[in-house]
Amino acid sequence: MGKILVTGGAGFIGSNFVHYLLENTDHSVVVLDKMTYAANEMSLAGLPADRFELVKGDIADTDIVDPLVKAADAVVHYAAESHNDNSLNDPTPFIHTNLIGTFTLLEAVRRHKTRYHHISTDEVFGDLELDDPAKFTETTPYNPSSPYSSTKAGSDLLVRAWVRSFGIEATISNCSNNYGPYQHIEKFIPRQITNILAGIQPKLYGEGLNVRDWIHASDHSSAVHTILEKGKIGETYLIGADGEVNNITVLRSILRLMGQSEDAFEHVVDRPGHDLRYAIDGSRLRAELGWEPQFTNFEAGLKDTIAWYTDNRAWWEPLKAEVEAKYAKAGQ
Ligand code: NAD
Ligand code: DAU
């Protein structure tokens, strides 16, 4: 039993991890979150008050970070600016949070010798050709494309340097595209589900041939928990569930599962520098640490996710107009 500091725990994947920890372990959880536009306090409603606390603050603020890291048995660092399209409009907060914020945490971890797990993305590796038989592995060279992915790549490199130079007890994981409950509606899958629920035509960037490797957020949580408990210090683990699908196929599945014509969407302006394909070879995590995903049927996971957004309109409806107005400005 220990105290886990979860940064960014009011966001999508962080809140899924907090629920996972409280339901599946005896740990207590402190969330440190700046409560940016991407956070939602409703995602943390109803958690046990004796095992859960939310602290509002910036991970780049040493005065807030230091005592929380000192008091924790482990830090799991999810907090980030996470959306590629936003990073193309204004990279500034990405530099602040993803680089300076991670640096601030690492320095506190170094001072207090606290166990640290760093959450990262497969986007640090750049993209693959559609017909390339290769997938990303732990030894794929870094080659990020966007301001978002380059700041995540930079944060991973900071962690590696702090392990080697200062001997901090850290592990890193790079995961593929997550889906599931509590995901902000700026992202592809919830944007399309909530478009259909709100009577707006779904929007596909370009031809929709770009491939993403989908994993349910619950499987990401169990993988991170496995690494936290059993991972080898200093190592990187890739997390994926063999979920490669192109965007047009995902969109058509959503439309079909929601009782719409599979052609009831519009093509919109493509993302500049749009990565073509991500694909994770997750065999190391499975072979060395014995982790297995539970959500292996993507359509079933999508169906659950559609049901969640249908049943939780109060969670997303207040955000919808602003998100769509922002996209409309970019022709998306
Ligand atoms: P999100 O945008 O939904 O949530 C990010 C959270 O971080 C928000 O609650 C926000 O308020 C908080 N935050 C932002 N800046 C902060 C700061 N300066 N101080 C404290 N809190 C701050 O993001 P997400 O999709 O849940 O992603 C979480 C992590 O997982 C990120 O590190 C991301 O790079 C990584 N990741 C995401 C995916 C994905 O598919 N979404 C896949 C792999 C890895
Ligand atoms: O691979 C992991 C990454 O996955 C994470 O590191 C990021 O934090 C997370 O946001 C996600 O990045 P993507 O850019 O892949 O996700 P997004 O949901 O923005 O887009 C998924 C795909 O769908 C991408 O090819 C762009 C496309 N798209 C997106 C939107 C919002 C559309 O076709 N239409 C849309 O309206």
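Each chain carries its own residue numbering, running from 1 in the written order of its sequence. Here the convention is simple: chains get letters from A, ligands get numbers from 1, in the order in which they are written. Totals for whole chains, interfaces and linings use every residue, but because this is a predicted model, local features are given only for residues with pLDDT of at least 70 and side-chain atom pairs only at 80 or more, for both listing and counting. Excluding hydrogens and water, the side-chain figures rest on all heavy atoms present in the structure.

Peer 1: Summarise the domain arrangement of the protein chain; cite the residues concerned and give the values.
Peer 2: When the domains of the protein chain are assigned, the result is domain 1 (3-179 + 214-239) and domain 2 (188-211 + 245-274 + 298-325). Domain start and end points were adopted from an automatic or database domain assignment. Each of domain 1 and domain 2 has a C-alpha centre, and these two points are 26 Å apart. It only takes one pair of heavy atoms within 4.5 Å for two residues to be counted as in contact. Domain 1 puts twelve residues into the contact, and the matching count from domain 2 is 17 residues. Of all residues in domain 1, the largest losses of buried area upon contact with domain 2 belong to D85, Y179 and W214, amounting jointly to 48% of the total for that side. Counted as salt bridges are all cases of a side-chain nitrogen of Lys or Arg within 4 Å of a carboxyl oxygen of Asp or Glu. Scanning the region where domain 1 abuts domain 2 turns up one salt bridge. When two parts are brought into contact, each loses some accessible area as probed by a 1.4 Å sphere; the total of that loss over both is the buried area.

Peer 1: Got a sec to walk through the site of ligand 1? Specific residues and values, please.
Peer 2: A cutoff of 4 Å decides nearness: a residue is near a molecule or strand if any of its heavy atoms lies inside that distance of it. Among the 28 residues in the neighbourhood of ligand 1, the closest are listed as I13, D33, S82, Y148 and K152. Whenever two N or O atoms come within 3.5 Å, that pair is a polar contact, provided that in protein one can donate a hydrogen and the other can accept it, and provided that, for residues adjacent in sequence, both atoms are side-chain atoms. One of the backbone N or O atoms of G11 is found 3.0 Å from an oxygen atom in ligand 1. Contact distances for ligand 1 include 2.9 Å between an oxygen atom and a backbone N or O atom of Y78. Within the complex, the protein chains bury 97% of what would otherwise be the 840 Å² of accessible surface of ligand 1. Counting residues per element, the ones that place at least two in the shell around ligand 1 are α1 (12-24), β5 (115-121) and α5 (147-166). Among the elements that make up the shell around ligand 1, the one with the highest residue count is β5 (three residues). Each residue gets one of three labels, nonpolar for Ala, Val, Leu, Ile, Met, Phe, Trp, Tyr, Cys and Pro, charged for Asp, Glu, Lys and Arg, and polar for the others, Gly among them. Residues of the shell around ligand 1, tallied by class, amount to 13 nonpolar, eleven polar and four charged. Per-residue and other accessible areas follow the Shrake-Rupley method at a 1.4 Å probe size, with only the shown protein chains counted as cover for residues. What counts as a helix is a DSSP run of H or I of at least four residues, what counts as a strand is a run of E of at least two, and both are numbered from the N terminus.

Peer 1: Can you lay out the packing of helix α6 (residues 188-198) against helix α11 (residues 313-329) for me, pointing to particular residues and giving the numbers?
Peer 2: Lines fitted to C-alpha atoms define the axes, with helix axes restricted to the stretch in contact, and inter-axis angles between N-to-C directions lie between 0 and 180 degrees. At their nearest, the axes of α6 and α11 sit 10 Å apart, and the two run at 100° to each other. The orientation of α6 relative to α11 falls into the category roughly perpendicular. Taking contact as the criterion, the partners of R191, T194, N195 and L197 in α6 are, on α11, R313, W316, K320, E324 and Y327. Classifying every residue of the contact of α6 with α11 gives three nonpolar, two polar and four charged. Every angle not falling under 35 degrees, over 145, or within 65 to 115 is termed oblique; those three ranges are roughly parallel, roughly antiparallel and roughly perpendicular.

Peer 1: How would you summarise the environment of P190 if you had to cite specific residues and measurements?
Peer 2: Relative to the assigned elements, P190 resides in helix α6. Distance in space between the C-alpha atoms of P190 and P147 is 23 Å, their sequence separation being 43 residues. Dropping the residues within four chain positions of it, P190 is found in contact with Q183, H184, I185 and Y309.

Peer 1: Describe the UniProt feature "domain: NAD(P)-binding" (unreviewed entry) in the protein chain, with residues and values.
Peer 2: Per the UniProt record, "domain: NAD(P)-binding" (unreviewed entry) is found at residues 5-304. Secondary structure content for residues 5-304 is 40% helix and 17% strand, and the end C-alpha separation is 29 Å. UniProt positions are given in the numbering used here, feature names are shortened, and annotations may be inferred rather than shown by experiment.

Peer 1: Tell me about the side chain of S120, residues and numbers included.
Peer 2: Along the polypeptide, S120 turns up in strand β5. For S120, the side chain forms a polar contact with the side chain of D156, separated by 2.8 Å. Leaving out residues up to four positions away in the same chain, S120 has contacts with K152, D156, S173, N174 and C175.

Peer 1: Give me the lowdown on the site of ligand 2, citing residues and values where you can.
Peer 2: In the vicinity of ligand 2, 24 residues are found, and the nearest of them are D122, Y148, N177, R271 and H274. One of the backbone nitrogen or oxygen atoms of F188 is found 2.9 Å away from an oxygen atom of ligand 2. Here Y205 contributes a backbone N or O atom positioned 2.8 Å from an oxygen atom of ligand 2. Here ligand 2 has 690 Å² of accessible area as a free molecule, and 95% of this is covered by the chains. For the shell around ligand 2, the elements supplying multiple residues, two or more each, are α6 and β8 (203-205). Of the residues in the shell around ligand 2, the class split is six nonpolar, ten polar and eight charged. Two domains each donate at least three residues to the shell around ligand 2, and these are domain 1 (3-179 + 214-239) and domain 2 (188-211 + 245-274 + 298-325).

Peer 1: So what's going on with the pairing of β5? Residues and values would help.
Peer 2: Buried residues dominate β5, accounting for seven of its seven residues. Burial classes follow relative accessibility: with a 1.4 Å probe on protein chains only, a residue under 20% of its type's maximum area counts as buried, one over 50% as exposed, and anything between as partly exposed. Alternating positions in β5 separate into two faces, R115, H117, I119 and T121 on one and Y116, H118 and S120 on the other, with burial throughout. The pairing criterion is simple: DSSP has to find at least two bridges between the two strands. Both β5 and strand β6 (residues 170-175) contribute to a ladder of six bridges, which runs parallel. Residue pairing across strands places T121 opposite C175, the latter belonging to β6. When the strands point away from the viewer and the connection leading from the first strand across the helix to the second strand turns clockwise, the crossover is called right-handed. After leaving β5, the chain enters α5 and then returns to the sheet as β6, a path that is right-handed.

Peer 1: Which residues make up helix α2 (residues 62-71), and what values go with them?
Peer 2: The set of residues buried in α2 consists of V65, D66, L68 and V69. Looking at the buried residues of α2, the elements they touch are β1 (3-7), β2 (28-33), β3 (52-56), β4 (74-77) and α4 (92-112). The distance from a side-chain oxygen at the start of α2 to the backbone nitrogen of D63 is 3.1 Å, and the residue carrying that oxygen is D61.

Peer 1: Help me get a handle on a nonpolar patch on the surface, residues and values and all.
Peer 2: Only residues above 30% relative accessible area that lack a salt bridge enter a patch, with like-charged residues linked at up to 9 Å and the nonpolar side chains Val, Leu, Ile, Met, Phe, Trp and Tyr linked at up to 5 Å. Taken together, the side chains of I95, I100 and F103 make up a nonpolar region of the molecular surface, amounting to roughly 250 Å² of accessible area. Structurally, I95 is set in helix α4.

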